[in-house]
Amino acid sequence: MVQIPKTPAAASCAPRSAPTSTDVARLAGVSRATVSYVLNNTSAVRISEPTRRRVHEAARELGYVPHAAARSLRAGHSRMVLMPAPAIPAGPLYSRFLSELQKALGHLDYTVVQYGSVGLRGDEAARAWAELRPVAVLVPGADLGPQGVAVLRRSGARAVVTLGPEPVEGAHALLMDHRTVGRRAGRHLYDRGRRRIGVVVPEEAGLEAFAGPRLDGVRRAVHGTDATVTELPLAYDERAAAALAARWRSLRLDAVFAYNDEYAMLLMRALQDEGVAIPEETAVIGADDLMLGRLLRPRLSTVRIRLPSGPRLAELVDRAVRDPAAAPERHKVLGATLVHRDSS
């Protein structure tokens, strides 16, 4: 019989208490208040750069991070800014905007949390967001209504900001009119002598809030002229693009605004495979000004879209959090500039 000797529990396995701000202060040789000012990015108190470095180095050495719940108790509210994850795939333009926003809010001592409320929309989604008790909510799209805003405010949200085509009662609004994008594209194609203009309308769910206004913008751009506008439903799929390209000449179109650069690249490749010369037979224009569009041959014409800057939106959130009783602000924030290249 072989006996397995009992081994004493290693001292290293014992749970260790989490480091505190007092530990950081002791190691850095500063006060706890200084630790708090440095790690919370407090700008009201001037602290020398060498002291800041000592505090950060001590925190890293000890593995210390500030306690969000304790900080919320001191402030009387959380520092969480909740941004519901979009129900549609986020392109590079939106991803850059979100990254810039997170950085700007971080400098103001907020934390941005993306929340995927799968299957929930509108006011029902607002109740799920309210359970997290965010201090502010940034809502992309047009689903939220006044009732949802009220639910969020009652749960403690000091600021509700919507990013969409129309304002919502009780919320701050960043108004993004995508008809401007369509108008820029439609006017450009008309001015280049094109009179039979197709407009790609994505079939993917969730994009109708952007595609509809862009189509309307093209129609408005050529209203009262001899130009015609043809709606072209298209799934973001190579086979769907090939099927549309196969019947292209029967449509007798001499130009297409393809919703955005991604759809434009998809359709342009399919048209070229069918032997359709671009721009000689058909001019093509997209939107978003993605770098890949500049690498195509011919280079893709596009509408460059300017979203609100991260610092500007972060300042609006911070202003609303500090003064929750202030009247809702309204700002038109979407800019659109035509970029003419070889494809049109």
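See the structure above.
Residues numbered from 1 in each chain as written. Predicted model: local features only at pLDDT ≥ 70, side-chain atom pairs only at ≥ 80, totals over all residues. Heavy atoms only, no water.

### Considerations on the sheet that holds strand β5 (residues 172-175)
Strand order in the open sheet formed by six strands is β2-β1-β3-β4-β5-β11, with parallel pairing between adjacent strands. Here the strands that pair on one side only, and so sit at the sheet edges, are β2 (111-115) and β11 (330-332). Strand-to-strand, the axes of this sheet are offset by a mean angle of 20 degrees, without reference to chain direction. Here three bridges tie β5 to β11, and the two strands are oriented parallel to one another. Pairing of L174 across the sheet is with H331, part of β11. Contacts between helix α14 (residues 310-322) and the sheet are confined to β1 (80-84), β3 (136-140), β4 (159-164), β5 and β11, with β4 contributing the most and set at about 145 degrees to the helix. (Pairing = 2+ DSSP bridges. Helix = DSSP H or I, 4+ residues; strand = E, 2+ residues; numbered from the N terminus. Axes fitted to C-alpha atoms, helices over the stretch in contact; angles between N-to-C directions. Contact = heavy atoms within 4.5 Å.)

### Some details on the pattern of salt bridges
Close approach of charged atoms allows side chains of opposite charge to pair. Throughout the structure, instances matching the rule amount to 15 salt bridges. A salt bridge links R322 to D318; the nearest nitrogen and oxygen atoms lie 3.0 Å apart. With R322 and D318 both in helix α14 and four residues apart, the pair spans about one turn of that helix. Given a relative accessible area of 58%, R322 falls into the exposed group. (Salt bridge = Lys/Arg side-chain N within 4 Å of Asp/Glu carboxyl O. Buried < 20%, exposed > 50% of the residue type's maximum accessible area, 1.4 Å probe, protein only.)

Fair warning: the whole summary comes from geometry, so function is off the table for now.
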